[in-house]
Amino acid sequence: MIRLENVTKTYDGDVAALKNASFDIAKGEFVFLVGPSGSGKSTILRLLNRQATAERGTVWVAGKNLN
């Protein structure tokens, strides 16, 4: 399972890539991550593979807290 709970990530101190983002993806579930440029798609992927960390909130993957 993948879970984001009230995750906020900003760049350069004031550019909000994600603000209080929350969602669950169940094991085996297939999802699409779509949206306009600058909507936070790449930021979500960076958080999930630990290339970035959230300022607030919690990121869970397979029961592990990535923060």
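Up top is the structure.
My aim in this report is to walk through the structure given alongside it, one point at a time. On a predicted model such as this, the values are computed, not experimentally measured, just so you know.

**Examining the side chain of Lys-9**
Here comes step 1: Here Lys-9 is to be found in strand β1 (residues 2–11).
Here comes step 2: Among all residues touching Lys-9, those that are not within four sequence positions of it are Val-15, Ala-16, Ala-17, Leu-18, Thr-43, Ala-52, Thr-53 and Glu-55.

**Thoughts on the sheet that holds strand β3 (residues 56–61)**
Here comes step 1: One open sheet accounts for four strands, arranged β2-β1-β3-β4; its pairing is antiparallel. Of all strands in the sheet, those with a lone pairing partner are β2 (15–25) and β4 (64–65), marking the two edges.
Here comes step 2: Sheet analysis places β1 next to β3, joined by five bridges and oriented antiparallel. By the bridge assignment for β3, Ile-2 is matched with Val-61.
Here comes step 3: Relative to the sheet, helix α1 (residues 41–48) contacts β1, β2 and β3, its axis offset from that of β1 by approximately 115 degrees.

**Things to note about the side chain of Thr-43**
Here comes step 1: You can see Thr-43 is positioned in helix α1.
Here comes step 2: On the accessibility criterion, Thr-43 (5% relative accessible area) is buried.
Here comes step 3: With sequence-adjacent residues up to four places away left out, Thr-43 is seen in contact with Lys-9, Tyr-11, Ala-17 and Leu-18.

The rules behind the values
- Residues numbered from 1 in each chain as written.
- Predicted model: local features only at pLDDT ≥ 70, side-chain atom pairs only at ≥ 80, totals over all residues.
- Heavy atoms only, no water.
- Helix = DSSP H or I, 4+ residues; strand = E, 2+ residues; numbered from the N terminus.
- Contact = heavy atoms within 4.5 Å.
- Pairing = 2+ DSSP bridges.
- Axes fitted to C-alpha atoms, helices over the stretch in contact; angles between N-to-C directions.
- Buried < 20%, exposed > 50% of the residue type's maximum accessible area, 1.4 Å probe, protein only.

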